[in-house]
Amino acid sequence: MEKQEKIVSMFNDIAGTYDVANRVLSMGIDKSWRNKACNLAFNLYGKKTIEKIVDVACGTGDMILFWKKVANENSINLQNIVGVDPSVGMMEVGKKKLPDVEFIEAGAASMPLDSESADIISISYGIRNVVQRQEAFDEFARVLKKDGLVVISEFTKNKKEKLLDHLTDFYMNKILPVLGGLISKNKEAYTYLPNSIDEFLTTENLCKELKIAGLEPIHVKAFSMNISTLIIARKI
């Protein structure tokens, strides 16, 4: 568990500048990715009243803001949304942005939530930072209601076949660490982020792991030159 603790400590260190760095480094495109994820999930779930959404690895609460906004735009009665994250520093920032939301300090593989209590579980750009990934998927399956959805947005590893793929790789490995380091004063953290993508598994293998946990992928789509991938899986 030492690796997991080191990752949590790193996010605690960059919490104060994380939102600004995210917007600059993604050039704001991550807003469109998050918006699409929420809209697609609501459409696939097909219910106008949702009792609970759990946002795992919630960080500073960015995805929670999008769930609330998109629910409101679609006239969906979202009764409760909870943020779960092992990083206290990140959640402290989130609590200032979202004082009405409950934030719970916990890892993805062990959440203090009732079984079959959530309609939707989301994890945005955080699953690659979960060391016990299969255990986390098992935990998602436990907490989800039958037919509930897991919504995963992530930077997944892809083959570098085109010129654009190599340009994206250059940006992630050469430019992002420098820019992120300047904004956060922590170059090590922003060197870790692209490395964690290179070390991460493919979309295909991620889908296999979801299936092992009883979560059936029903929507898989890559965005923006395959930088970000959205996977939505249903508990069967």
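Residues numbered from 1 in each chain as written. Predicted model: local features only at pLDDT ≥ 70, side-chain atom pairs only at ≥ 80, totals over all residues. Heavy atoms only, no water.

- The name given to the protein in an unreviewed UniProt entry is Demethylmenaquinone methyltransferase, with Arcobacter caeni as the source organism.
- In its Function (unreviewed entry) section, UniProt records this for the protein: "Methyltransferase required for the conversion of demethylmenaquinol (DMKH2) to menaquinol (MKH2)."
- Quoted verbatim from the Catalytic activity (unreviewed entry) field of UniProt, the annotation for the protein is "a 2-demethylmenaquinol + S-adenosyl-L-methionine = a menaquinol + S-adenosyl-L-homocysteine + H(+)". (UniProt positions renumbered as here; feature names shortened; annotations may be inferred.)

1. Section: unusual backbone geometry
Okay, step 1: One non-glycine residue, Ser75, lies in the positive phi region at around 55 degrees.
Okay, step 2: Mapped onto the elements of the fold, Ser75 is located in the loop between helix H4 (62-73) and strand E3 (77-78).
Okay, step 3: Even without being a glycine, Tyr125 presents a positive backbone phi close to 55 degrees. (Helix = DSSP H or I, 4+ residues; strand = E, 2+ residues; numbered from the N terminus.)

2. Side note on the packing of aromatic side chains
Okay, step 1: Following the criterion strictly, the structure yields 3 aromatic pairs and no others.
Okay, step 2: With a centroid separation of 5.2 Å and 70 degrees between ring planes, the pair formed by Phe42 and Trp67 is classed as edge-to-face. Here Phe42, found in helix H3 (residues 29-45), pairs with Trp67, found in helix H4; they are 25 residues apart in sequence, far enough to count as distant.
Okay, step 3: Overall, Phe42 belongs to the buried group, its relative accessible area being 4%. (Phe/Tyr/Trp six-rings, centres within 6.5 Å; stacked < 30°, edge-to-face > 60°. Buried < 20%, exposed > 50% of the residue type's maximum accessible area, 1.4 Å probe, protein only.)

3. Considerations on the sheet that holds strand E8 (residues 215-223)
Okay, step 1: Ordered by their spatial adjacency, 7 strands build an open sheet running E5-E4-E2-E6-E7-E9-E8, and the pairing between neighbours is mixed. Among the strands making up the open sheet, the edge pair consists of strand E5 (102-105) and E8. Averaged over all pairs of adjacent strands, the angle between strand axes in this sheet comes to 20 degrees, irrespective of strand direction.
Okay, step 2: Pairing between strand E6 (residues 118-124) and strand E7 (residues 144-154): 6 bridges, direction parallel. Residue pairing across strands places Ile121 opposite Val150, the latter belonging to E7.
Okay, step 3: Sheet strands in contact with helix H6 (residues 133-143) are strand E2 (53-56), E6, E7, E8 and strand E9 (228-235), and its direction is about 140 degrees off that of E7.
Okay, step 4: Set on the sheet, helix H9 (residues 203-212) makes contact with E7, E8 and E9; between it and E8 the angle comes to about 160 degrees. (Pairing = 2+ DSSP bridges. Axes fitted to C-alpha atoms, helices over the stretch in contact; angles between N-to-C directions. Contact = heavy atoms within 4.5 Å.)

4. Some points on the pairing of E7
The two faces of the sheet receive side chains in turn, since in a regular strand these alternate between them.
Okay, step 1: With 9 of its 11 residues buried, E7 lies for the most part within the structure.
Okay, step 2: In terms of handedness, the path from E6 via H6 over to E7 forms a crossover that is right-handed.
Okay, step 3: Inspection of the sheet shows E7 paired to E9 by 6 bridges, in the antiparallel sense. Paired with Ile152 across the bridge in E9 is Ile231. (Right-handed = clockwise from strand over helix to strand, strands pointing away.)

5. A few points about the UniProt feature "binding site: S-adenosyl-L-methionine" (unreviewed entry) in the protein
Okay, step 1: Under the local residue numbering, the UniProt record ascribes the feature "binding site: S-adenosyl-L-methionine" (unreviewed entry) to Thr60, Asp85 and Ser124. For the annotated residues, spread through 65 residues, the largest C-alpha to C-alpha distance comes to 11.7 Å, consistent with a single compact locus.
Okay, step 2: Mapped onto the elements, Thr60 comes out in the loop between E2 and H4.
Okay, step 3: Looking at where Asp85 falls in the secondary structure, it is placed in strand E4 (residues 81-85).
Okay, step 4: In this view, Asp85 contacts Ala57, Cys58, Gly59, Met91, Ile104, Glu105 and Ala106; residues no more than four positions away in its chain are not counted.
Okay, step 5: Of the polar contacts made by the side chain of Asp85, one reaches the backbone nitrogen of Cys58; its length is 3.3 Å. (Polar contact = N/O pair within 3.5 Å; in protein donor to acceptor, adjacent residues only side chain to side chain.)

6. Section: the nonpolar core
Okay, step 1: Counting 31 residues, the largest nonpolar core has Phe42, Ile50, Ile53, Trp67, Ile120 and Val151 as the members making the most contacts within it.
Okay, step 2: At the level of secondary structure, the elements contributing two or more residues to this core comprise H3, H4, E7 and E9.
Okay, step 3: Not counting residues within four places of it along the chain, the set of residues in contact with Trp67 comprises Cys38, Ala41, Phe42, Ile53, Asp55, Leu78, Ile81, Ile120, Ser122 and Val151.
Okay, step 4: Ranked by size, the runner-up nonpolar core spans 29 residues in total, among them Leu113, Ala118, Val130 and Phe137. (Core = buried A, V, L, I, M, F, W, Y, C linked by side-chain atoms within 4.5 Å.)

7. So, the environment of Leu65
Okay, step 1: Of note, Leu65 is situated in helix H4.
Okay, step 2: Overall, Leu65 belongs to the partly exposed group, its relative accessible area being 35%.
Okay, step 3: Expressed as a C-alpha distance, the spacing of Leu65 and Asn35, which sit 30 residues apart in the sequence, is 10.0 Å.
Okay, step 4: Residue contacts for Leu65: discarding those within four places in its chain leaves Lys97 and Leu98.

8. Side note on the side chain of Glu154
Okay, step 1: Inspection of the secondary structure assignment puts Glu154 in strand E7.
Okay, step 2: Within the structure, the side chain of Glu154 is placed 3.2 Å from the backbone nitrogen of Gly126, a separation counted as a polar contact.
Okay, step 3: Within the local environment of Glu154, its side chain forms a polar contact with the backbone nitrogen of Ile127, the two atoms lying 3.1 Å apart.

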